Structure formats: structure tokens, C-alpha cells
Amino acid sequence: MFEKVLIANRGEIALRIHRACHEMGIRTVAVHSTADSQAMNVRLADETVCIGPPPARASYLNISAILSAAAITGADAIHPGLGFLAENADFAEAVEEHGFTFIGPAPEHIRLMGDKIRAKAEAVRLGLTVVPGSPEAVRDLGDAEAAARAIGYPVLLKAAAGGGGRGIRPARDPAELAGMLPLAQAEARAAFGDDAVYLERFLDRPRHIEVQLIGDGRGGTIHLGERDCSLQRAHQKLLEETPSPTLDPAARARLLELAVAALHRLGYKSAGTIEFLYEDAAFYFIEMNTRLQVEHPISEMISGVDIVKEQLRIAAGAPLGYRQSDIALRGHAIECRINAEDPEDFRPSPGRVSEYHAPGGPGVRVDSALYQGYEVPPFYDSLIAKLVVHGGSREECVMRLRRALAEYAIGGIATTIPLHQRLVDDPEFRRGTYDIHWLERFLARRG
Ligand code: MV4
């Protein structure tokens, strides 16, 4: 096993990885920007290296600074966390070329799944159904119109190098398509340095359901159930739950079996997630995420598997510590993402945390790097805490979540806790009947 791991990330996820390392007797190196020198993950790390000024370009995305920090501290391996460099295949390669272990999948798999057109072709090869669409990038309007006619309107234009909702645009008819195509291509070029866009049939009211998977690259493959991530606003997830309240046991079994078989055939190593849209009892592959995800704790809560420890073990060359038959998925888990934002208009609310009291008690887990007196910097993502709750049933889980939200006290900054309180009291949320558009309507009701 590794003796020292460098954690190339910040905030709650850096702390999460630090915790797994320390429970395994692994020392940690925190790299941080000048804005994060007082962060909890930095305070708890065994060694720290300041890698640059606040802008991520100059610090958390600064590959040479991170590799230098690994060299001077004598780290064995680098965990990229999520966001930043986690799905950068060039970074994964550079880490290995410099003699460190990359704690994550093979660079070829990161690269393959980063190209959303190649990823869909691969998904078909792996036995998954994809949303009907153009099999390749559409180069010009002639291409796009022919593809849209074959697929049927409405269609979505998506950036091949995009993902997670960035760079998608709808077109309801040929006129809209003609207007959208150049915009989508220009946007894709500006955002990703690649103007390749492809077309998909625009599904009307799907749910977003993803499967948590782990492979060891040597034949061991498990799933930890699915997660329903349909409650999103502007492609930011607010609340995730497992199991999905919409799936019956037969549909769930079919989904999980398909996803595990696909990962197995891919020969994938490390934790990964396959995302599906679910509509009219069909699952359509849309993307695969080759990283640890923000919402991984709910899968840990129902399975008892520590996903980060498995990533560490597998990267060190060990086989998976579990067979599927060792894992029982128990009860229900929900995660609320708590952001330093105004709960009405979502404006960021950085600043000093004047008061901090986290909830506890049975079935409650808080992943957060906050503490009283901490200054939330204005430079990064506004996620400051994940409240994760487990119960024997969805009903118990929701009641536990209500009482945990009521216990949570964060002073000095605005947070989205009041929004979550409103959400968990909503009758439709209670019934679990929402699709991906439901949250926007919920927010408009009182917004
Ligand atoms: C779609 C779709 C409808 N049809 N693709 C947005 C995030 C990205 N991962 C995929 N997204 C979507 N792709 C087809 N063919 C609708 C969305 C979508 C969405 C997906 C999941 C959760 C929230 C969403 C909100 C708007 C659109």
C-alpha cells in the first residue's frame, strides 16, 4: 500500500480523501492555493504545499506545480478528487510518466469517455442502448438536417467534448436547427477548444439515473446500486437519492446487470459512473464519468463500501475487496448539496462562517470542510457541505433528513439549507414522482 498520497483538490472532497487515507495508515500531502491556506483539509494534512494564487488555472489546474509538490514531498501516488484535473487524461499520463501512481482509471478510458461521440459508440459495443442520434459529429447544416430528419424532432445539439449539461441546445424544427448549429459550434469551440457537435433525439420527461460501479481491471466488477439525480437546476444537482423512487425491482435489476456487464467488458479499473436517461421504461446511456462523484456517499451509505478506499487499494494493485454477493444494498439514502448561495436567487455568498454546528445522531453523515471562523473564499465552486442521511425506508430517510436540516446551524453566510427544507416538505417530492424538469417548476412556484 502507498505510504504517502498527494490530494490534488480542495474543500470537502479533499477532506473526504484525506479521511480514507488516514484510516488506511497513509500519510497525506495537501496542495492548496493561497486562498485555501486555512482550509480544514490543509490543517489536517501531514504535509502541505502551496501551489499558486487563487485562480484554479494557476493552482489546482497547474500540472507542473502539482507534480513538483509530489516530487519534493516524496509522495507515491496522486488522487485527483473530482472536477479540476480528475478527467484530464494528459494529467493522468503525466502523473505516471513522472513515476507516481494515478489513483483513477487508465488514461485511455478517461480519453475515450471524454469524447461523448466515441463514448456512445463504445456503449453500443458494450451492450447498452443509447439515445437515437447522429453516429458522428455533424459538420455542416446539410449533415445536421439529414441527421435530424432520421432521428425526428425535437433534437438536442451536444458538444462532443462537453458533458454534464455544458454546451447543449435544443432545436424543434429545421429553422431552429439552422439558427442553433453555428451557435452550438462556436460555443463548443470557445468552451472546449473543439467545435465538434452531435445530435440526439430530445427526450421529453426523462429521469436522470446513474449507476455506481467499481472495477479492478483484472476481472473484478461490482455495482453499488443506482442514484436518482433528477433534481437539478442549471445542470447543478441539488439532491440525490438511492434507490431511485421510480424503479420497480425488475427494472432496477435489468439496469444494474447491464451496467456491470458493460464495465466488465470495458476492463475498467477504479470507480466510475454510467449515466442514463430513463423514460417510458427504457434506459438510454448518455455519458460515463471516469471519476469519483460528489454524490458517492449515498452509495456508500446503502452498501457499506468505502469507495475511496477501494480506489486506493485498486490503484496500489490489489483486487477488489468485494464480490457482488458480499454486498447487500440496505435502506434508503439521500444527499443534500449545501451551497454558500442565496436560497432564492442562487447568488454566491462567500464570507466568514460566524457560527457552525453540524447535525449528528443515527444515520447522519456530514462531509464538509467548514468550521467556525472559516472564510469561504469567492474563487471556487460554492458547495460547502453535503448532508447525507440513511434510513431503513425512504419515509424514515426523509423524516431523518428533515430533523437533520433543522439541527444544521451555519451563520454569517447564506446557504441553501432553507431551500432543502422546503423541498423535503413538498408533497410531490414525498411521492418521489419528479422528472428532470420538476425542480425548475418547484423553484418558480415561489421564486
Ligand atoms: C438530454 C436530455 C434530453 N434528451 N439528452 C443534461 C445534462 C447532461 N448530462 C445531459 N442532459 C440532458 N440530456 C437527450 N437526448 C435532457 C438533459 C437534461 C437534463 C438531464 C439530467 C438532469 C437534468 C437535466 C436538465 C435539462 C436537460
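Residues numbered from 1 in each chain as written. Predicted model: local features only at pLDDT ≥ 70, side-chain atom pairs only at ≥ 80, totals over all residues. Heavy atoms only, no water.

Enquirer: Honestly, helix α11 (residues 307–315) in this entry has me stumped. Any pointers?
Expert: Structurally, the α-helix is built with 3.6 residues per turn, so residues lying three or four positions apart point the same way. By the criterion of burial, α11 is predominantly enclosed, with seven of the nine residues buried. Listed as buried for α11 are Ile307, Val308, Glu310, Gln311, Leu312, Ile314 and Ala315. In the segment just after α11, Gly317 is the residue with positive phi, at about 100°. (Buried < 20%, exposed > 50% of the residue type's maximum accessible area, 1.4 Å probe, protein only. Helix = DSSP H or I, 4+ residues; strand = E, 2+ residues; numbered from the N terminus.)

Enquirer: It is not clear to me how the site of the ligand should be interpreted in this structure. Could you clarify?
Expert: Taken together, 18 residues form the shell around the ligand, and within it Lys158, Glu200, Arg201, Leu203 and His208 come nearest. Within the side chain of Glu287, one N or O atom sits 3.3 Å away from a nitrogen atom of the ligand. When the ligand sits alone it has 520 Å² of accessible area, and the protein chains cover 93% of it. (Near = heavy atom within 4 Å. Polar contact = N/O pair within 3.5 Å; in protein donor to acceptor, adjacent residues only side chain to side chain. Areas by Shrake-Rupley, 256 points an atom, 1.4 Å probe, with all protein chains shown as cover.)

Enquirer: Would you take a moment to explain the pattern of salt bridges for this structure?
Expert: Pairing is possible between side chains of opposite charge, provided their charged atoms come close. Per the counting criterion, the structure on display carries 36 salt bridges. Residues Glu310 and Arg313 are paired through a salt bridge, measuring 3.5 Å at the closest nitrogen-oxygen approach. With Glu310 and Arg313 both in helix α11, this residue pair falls three residues apart, about one helical turn. The class of Glu310 is buried, set by a relative accessible area of 5%. In this structure, the salt-bridge partner of Asp425 is Arg402, at a minimum N-O distance of 2.7 Å. Taken as a pair, Asp425 in the loop between α13 (417–424) and α14 (427–431) and Arg402 in helix α12 (residues 394–407) lie far apart in primary sequence, 23 residues in all. On the basis of relative accessible area, Asp425 is assigned to the partly exposed category, the value being 44%. (Salt bridge = Lys/Arg side-chain N within 4 Å of Asp/Glu carboxyl O.)

Enquirer: Hey, could you run me through the sheet that holds strand β2 (residues 27–33) in this one?
Expert: The five strands lie next to each other as β3-β2-β1-β4-β5, forming an open sheet whose pairing is parallel. Across the chains shown, the open sheet's two edge strands, defined by having one partner strand only, are β3 (47–52) and β5 (101–102). Examined bridge by bridge, strand β1 (residues 4–7) and β2 share four bridges and lie parallel to one another. Considered in β2, the bridge of Leu6 is made with Val29. Helix α1 (residues 11–23) contacts β1, β2 and β4 (77–79) of the sheet and is inclined by roughly 175° relative to β1. The sheet strands contacting helix α3 (residues 63–73) are β1, β2, β3 and β4, and the helix crosses β3 at an angle near 155°. (Pairing = 2+ DSSP bridges. Contact = heavy atoms within 4.5 Å. Axes fitted to C-alpha atoms, helices over the stretch in contact; angles between N-to-C directions.)

Enquirer: How do you make sense of the packing of helix α7 (residues 141–151) against helix α8 (residues 174–192) when you look at a structure like this?
Expert: The packing of two helices is summarised by the inter-axis angle and the distance between the axes. Contact geometry of α7 with α8 gives a least axis separation of 10 Å together with a crossing angle of 140°. In terms of orientation, α7 lies oblique with respect to α8. Regarding α7 and α8, the two cross each other, and that crossing is right-handed. Contact residues: Leu141, Ala144, Glu145 and Ala148 in α7; Pro174, Leu177, Ala178 and Leu181 in α8. Among the residues forming the contact of α7 with α8, the class breakdown is seven nonpolar, no polar and one charged. (Parallel < 35°, antiparallel > 145°, perpendicular 65-115°, else oblique. Left-handed = near helix turned anticlockwise from the far one by under 90°. Nonpolar A, V, L, I, M, F, W, Y, C, P; charged D, E, K, R; others polar.)

Take it as geometry only, folks, not as evidence of what the structure does.
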